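Structural description and commentary
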Amino acid sequence: MPIYEYACPECDIRFDKRRSMADADMPIACPSCGSLHPRRALSLFATVGGSSKSSTSSGGGSGCSGCSGGSCSSCGH
Ligand SMILES: [Zn+2]
């Protein structure tokens with residue numbers, strides 16, 4: 001089960017919570033002030049999507065077999 005990081009705007013703290021992916025965006029109570037407004041911050045794990053140019057594909061799910069980090073003409077990655 002992944003660990004998500006939340007940031008509370010009320011008391012300006014961050015805290016980690018282990019939740020299922022289905023509950024990742026559900027409201028969560030701040031352990032400090034009890035507010036239900038903490039927003040999910042970026043987790044320690046890489047965010048899927050967006051521009052991740054630095055990640056060299058080592059058996060990853062994206063790209064084709066011809067991809068070697070650079071631009072690939074066959075799949076666009
Ligand atoms: Zn708080």
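See the structure printed just above.
All residue numbers refer to position in the chain's written sequence, counted from 1. Local features are withheld for residues below a pLDDT of 70 in this predicted model, meaning they are given only at 70 or higher, and side-chain atom pairs are given and counted only at 80 or more; totals for whole chains, interfaces and linings count all residues. Side-chain measures here rest on the full set of heavy atoms in the structure, leaving out hydrogens and waters.

This next bit is on the overall build of the protein chain. By the criteria applied, helices consist of DSSP H or I runs no shorter than four residues and strands consist of E runs no shorter than two, each listed in order from the N terminus. The helix and strand tally for the protein chain stands at zero helices and three strands. Starting at the N terminus and walking to the C terminus, you meet the elements of the protein chain as β-β-β. Taking all 77 residues of the protein chain together, the buried fraction comes to 18%. Within the protein chain, contacts between residues at least 6 apart in sequence are counted, and of these 23% link residues at least 24 apart. Accessibility here uses a 1.4 Å probe with only protein chains present; expressed as a share of the type maximum, an area under 20% marks a residue as buried, one over 50% as exposed, and anything in between as partly exposed. Two residues qualify as a contact provided that any one of their heavy atoms is within 4.5 Å of a heavy atom in the partner residue.

Aromatic contacts are taken between Phe, Tyr and Trp rings whose centres are within 6.5 Å, Trp giving its six-membered ring; a plane angle under 30 degrees counts as stacked, one over 60 as edge-to-face, and the others as tilted. Under the defined criterion, the tally for this structure stands at one aromatic pair. Taking 5.8 Å as the distance between ring centres and 20 degrees as the angle between the ring planes, the aromatic pair formed by Tyr 6 and Phe 15 counts as stacked. For the pair shown, Tyr 6 and Phe 15 are each scored as buried.

To continue, consider the coordination of the zinc ion. Donor selection uses N, O and S atoms within 2.8 Å of the metal (3.2 Å for Na, K and Ca). Since no water is included, sites may look incomplete. Distances from the zinc ion to its protein donors, namely Cys 8 (SG), Cys 11 (SG), Cys 30 (SG) and Cys 33 (SG), fall within the range 2.2 to 2.3 Å. One can describe the site at the zinc ion as tetrahedral: its four donor atoms subtend angles covering 106 to 116 degrees at the metal. Going along the chain, you hit the donors of the zinc ion in the pattern C-x2-C-x18-C-x2-C. Cys 8 sits in the buried class, given a relative accessible area of 2%. Note on geometry labels: four donors, all angles 85 to 135 degrees, give tetrahedral; four donors become square planar and six octahedral when opposite donors are over 155 degrees apart and every other angle is between 65 and 115; remaining cases are irregular.

Once that is clear, we can look at the environment of Ile 3. Relative to the elements of secondary structure, Ile 3 occurs in strand S1 (residues 3–8). Through-space distance from the C-alpha of Ile 3 to that of Lys 17 is 5.5 Å; in sequence the pair is 14 residues apart.

Now for the pattern of salt bridges. Just to be clear on terms, a salt bridge is a Lys or Arg side-chain nitrogen sitting within 4 Å of an Asp or Glu carboxyl oxygen. All chains considered together, the criterion is met by two salt bridges. Linking Arg 40 and Asp 25 is a salt bridge whose minimum nitrogen-to-oxygen distance equals 2.9 Å. Of this pair, Arg 40 sits in strand S3 (residues 39–41) while Asp 25 sits in the loop between strand S2 (13–18) and S3; the two residues are 15 residues apart in sequence, bridging distant segments of the chain. Its relative accessible area of 38% is what places Arg 40 among the partly exposed residues.

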